[in-house]
Amino acid sequence: MKVVKYADAMQLLAQEIRKSGKRIGFVPTMGYLHDGHMSLVHMAETRADICVVSIFVNPTQFGPEEDLQSYPRDFERDLNICKKANVDIVFSPDAAQMYAVDHSTHVEECMLSEGLCGLSRPRHFRGVATVVAKLFNIIQPHIAIFGRKDGQQAAVIKRMVRDLNFPVEIVVAPTVREPDGLAMSSRNSYLSDQERTEAISLYRALLLAENMYHSGETNISVVRKAMNDLLGSYLLVRIEYIEFVDSENLRAVSELRSGVMVAIAARVGRTRLIDNTVIA
Ligand code: AMP
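Nothing here was measured: the structure is a model prediction, and the numbers come from that model.

**Student:** Quick one: what's the story with the site of the ligand, residue by residue and with numbers?
**Tutor:** Inspection of the region around the ligand gives 17 residues, with M30, H37, D150, V176 and M184 positioned closest. Between the ligand and G147, the relevant distance is 2.9 Å, taken from an oxygen atom to a main-chain nitrogen or oxygen of the residue. Here a nitrogen atom of the ligand and a backbone polar atom of V176 are 2.8 Å apart. For the ligand, the accessible surface in isolation is 480 Å², of which the surrounding protein chains cover 93%. If you list the elements that add at least two residues to the shell around the ligand, you get β2 (24-29), α2 (35-47) and β5 (143-147). It is α2 that provides the largest number of residues to the shell around the ligand, a total of 3 residues.

Here is the structure:
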């Protein structure tokens, strides 16, 4: 497994791989890898010849009050996990490598980024779109895998790729969960024991929505109220939003139907968690 720290070296390597006729599969991550990340890696490995994982805690997608400094990091552990999973290349630049001190160019998706998490994280998706565009230019993948867990991010990236003609196929992989249903996330490591117990409430609320739909309920107000009540019964959980949107264009929908993404953001203690389900 190669570990590459410099953008120009990575770009040269990518060009050589492409020249040799091999397909590059790419999984962008912020590290502190878990089985959710690794499911994307396995998908990249089955869809491409060379699997590249980036590990980069991207400063531009964090707000000034957010957890950039405390974001969990364990590079050696991540490398071991990648080695075991037969990853071919880990690209792990530092921030100075990715952003010149006078960088002044951004990629901004201006529609899908507005609602949901965009309301409380105003610059977040601009940071995400910019770093993903840069990583695509550096790694030159044929295919890139993103997680459904970050449903809005996946929609924004798909839109950016379409609008800016990136020659990259975007695949969205299912959410991997802990045995009790909590969506795996690097940020779960922030949770105290009691918070971890209550964090399951997000998944329970999503299951409730799915079950109500499958019992014939399509009225969003009714489902939202039931989800609100359920989440409200947990002492440490503060809801940021419960939204019902079309999973592709993220527009609010008027009734529950197949293809609707039910999305939750909530604080459990001080940790902000998100989760979603797409109604089948
Ligand atoms: P992150 O390191 O949190 O930025 O995530 C990197 C990629 O892994 C993103 O495409 C996420 O959507 C994806 N991801 C994170 N958690 C999960 C999960 N539990 N299941 C599937 N994909 C995930």
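**Student:** For the packing of helix α1 (residues 7-19) against helix α6 (residues 124-139), give the residues involved together with the corresponding values.
**Tutor:** Interhelical geometry of α1 versus α6 gives an angle of 55 degrees and a closest axis separation of 7 Å. In terms of orientation, α1 lies oblique with respect to α6. Every residue of α6 that contacts α1 at A7, M10, Q11 and A14 is listed here: N137, I138 and I139. Class assignment for the residues of the contact of α1 with α6 results in 5 nonpolar, 2 polar and no charged.

**Student:** Explain α6 residue by residue, including any values.
**Tutor:** For α6, built from 16 residues, the straight-helix expectation of 22 Å at 1.5 Å per residue is met to within 8% by its first-to-last C-alpha distance of 22 Å. Among the 16 residues of α6, 13 are classified as buried, and the element is accordingly described as predominantly covered. Q140 occupies a position one or two residues after α6 and carries a positive phi of about 50 degrees.

**Student:** So, the pattern of salt bridges: which residues are in play, and what are the values?
**Tutor:** In total, this model carries 11 salt bridges according to the counting rule given. E169 is the partner of R47 in a salt bridge, and the nearest nitrogen-oxygen pair spans 3.6 Å. Of this pair, R47 sits in helix α2 while E169 sits in strand β6 (residues 169-173), and the two are 122 residues apart along the sequence. You can call R47 partly exposed: its relative accessible area is 39%.

**Student:** I'd love a proper account of the state of the cysteines, names of residues and values included.
**Tutor:** Per the stated rule, a full pass over the model turns up 0 disulfides. Here C82 stays unpaired: no disulfide links it, and the sulfur of C51, its closest cysteine neighbor, is 7.9 Å away. For C117, which is in no disulfide, the shortest distance to another cysteine sulfur is to C110 and amounts to 17 Å. Residue class for C117 comes out buried when judged on its relative accessible area of 5%.

**Student:** Tell me about the nonpolar core, residues and numbers included.
**Tutor:** Counting residues in hydrophobic clusters, the biggest one holds 33 residues, and the most contacted among them are M10, V52, F91, F136, I139 and M160. For this core, the secondary structure elements donating two or more residues are α1, β2, β3 (50-55), β4 (89-91), α6, β5 and α7 (151-163). Here this core gets 9 residues from one element, more than from any other, and that element is α6. In terms of nonpolar packing, the next biggest core, distinct from the first, is built from 27 residues, L182, A205, V262 and A266 among them.

**Student:** Got a sec to walk through the packing of aromatic side chains? Specific residues and values, please.
**Tutor:** Aromatic ring pairs: the centre-centre distance and the angle between the two ring planes describe each pair. As enumerated under the stated definition, the model contains 4 aromatic pairs in all. Look at F56 and Y99: their rings are 6.4 Å apart centre to centre, the planes differ by 35 degrees, and that puts the pair in the tilted class. Residue F56 is located in the loop between β3 and α3 (75-84), and its partner Y99 is located in the loop between α4 (95-98) and α5 (117-120); the two are separated by 43 residues in the primary sequence. Here F56 falls in the buried class, since its relative accessible area comes to 6%. A relative accessible area of 10% places Y99 in the buried class. Both rings, one in F136 and one in F166, keep their centres 5.7 Å apart while their planes meet at 70 degrees; by these two values the pair is edge-to-face. Of the two residues, F136 sits in helix α6 while F166 sits in the loop between α7 and β6, which places them 30 residues apart along the sequence. Judged by relative accessible area, F136 falls into the buried class, the value being 3%. Here a set of aromatic residues connected by ring pairs shows up, and it is made of F26, F136 and F166. If you follow K134 out to its NZ or CZ, it ends over the ring of Y99, 5.4 Å from the centre.

Definitions and limits used
Throughout, a residue's number is its position along its own chain's written sequence, starting from 1. Given that this is a predicted model, residues contribute local features only at a pLDDT of at least 70 and side-chain atom pairs are listed and counted only at 80 or more, while totals for whole chains, interfaces and linings are drawn from all residues. Only hydrogens and water are set aside; all other atoms, that is, all heavy atoms of the structure, feed into the side-chain values. Whether a residue is near a molecule or strand depends on its heavy atoms: it is near if one of them lies within 4 Å of it. Under the rule applied, a polar contact is a pair of N or O atoms within 3.5 Å (in protein, one hydrogen donor and one hydrogen acceptor; residues adjacent in sequence only if both atoms are side-chain atoms). A 1.4 Å probe and the Shrake-Rupley method give the accessible areas. Residues count as covered only by the protein chains that appear here. Helix and strand definitions follow DSSP, with helices as H or I runs of at least four residues and strands as E runs of at least two, each counted in order from the N terminus. Axis angles are defined between N-to-C directions and span 0 to 180 degrees, where every axis is a line fitted to C-alpha atoms and, for a helix, only to the segment in contact. Geometric relationships in this document are graded by angle, where less than 35 degrees denotes roughly parallel, more than 145 denotes roughly antiparallel, 65 to 115 denotes roughly perpendicular, and other angles denote oblique. Every residue pair with non-hydrogen atoms within 4.5 Å of one another is taken to be in contact. Nonpolar residues are Ala, Val, Leu, Ile, Met, Phe, Trp, Tyr, Cys and Pro. Charged residues are Asp, Glu, Lys and Arg, and all others, Gly as well, are polar. For a helix, the expected span equals 1.5 Å multiplied by the residue count minus one. Each residue is assigned to one of three classes by its accessible area relative to the maximum for its type, calculated with a 1.4 Å probe on protein chains only: buried under 20%, partly exposed between the two thresholds, exposed over 50%. Salt bridge criterion: a side-chain nitrogen from Lys or Arg within 4 Å of a carboxyl oxygen from Asp or Glu. Disulfide assignment relies on a single distance test, namely cysteine sulfur atoms paired within 2.5 Å. Residues belong to a common nonpolar core when they are buried Ala, Val, Leu, Ile, Met, Phe, Trp, Tyr or Cys residues joined through side-chain atoms within 4.5 Å. Two aromatic rings, drawn from Phe, Tyr or Trp (for Trp, its six-membered ring), form a pair once their centres lie within 6.5 Å of each other, and the interplanar angle then sorts them: stacked below 30 degrees, edge-to-face above 60, tilted otherwise. We call a charge positioned above a ring when the Lys NZ or Arg CZ atom is no farther than 6 Å from the ring centre and deviates by at most 35 degrees from the ring normal.

By themselves, these figures tell us nothing about what the structure is for.
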